[in-house]
Amino acid sequence: MKWVRTAEQVPDTSVRVLVAMHVTTPYPLVTGGTFHGDYWTVDMITRPVRVQEVPFWAPIVRPPRA
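A.B. asks: Describe the side chain of E53, and please don't skip the residues or the numbers.
C.D. replies: Along the polypeptide, E53 turns up in the loop between strand 5 (49-50) and strand 6 (56-59). Only 2.9 Å separates the side chain of E53 from the side chain of R47, close enough to count as a polar contact. The contact partners of E53, leaving out residues within four places of it in the chain, are M21, H22 and R47.

A.B. asks: Help me get a handle on the nonpolar core, residues and values and all.
C.D. replies: Counting residues in hydrophobic clusters, the biggest one holds 13 residues, and the most contacted among them are V19, W40, V42 and V49. Among the elements of the structure, strand 2 (16-21), strand 3 (29-35) and strand 4 (39-42) are those that each provide at least two residues to this core. Take this core: its biggest share by element is three residues, from strand 2. Excluding anything up to four places from it in sequence, V42 contacts V19, M21, T31, G32, G33 and V49.

Here is what the cut-offs are and how they apply
Residues numbered from 1 in each chain as written. Predicted model: local features only at pLDDT ≥ 70, side-chain atom pairs only at ≥ 80, totals over all residues. Heavy atoms only, no water. Helix = DSSP H or I, 4+ residues; strand = E, 2+ residues; numbered from the N terminus. Polar contact = N/O pair within 3.5 Å; in protein donor to acceptor, adjacent residues only side chain to side chain. Contact = heavy atoms within 4.5 Å. Core = buried A, V, L, I, M, F, W, Y, C linked by side-chain atoms within 4.5 Å. Buried < 20%, exposed > 50% of the residue type's maximum accessible area, 1.4 Å probe, protein only.

Right, here's the structure in full:
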């Protein structure tokens, strides 16, 4: 899994990805989210998250099939 800076590239809209951000916590919060162009919808956050609040994202990789 490779983390991507949102300043360099953003995911396609409405594609679910992992996001890393600081939200009133001293440590980074890693959770799922979706980019909508002007804002993010992030799990565990009840408000739309501004683009500047999410510095990193990573694609969600499907586990290999057994």
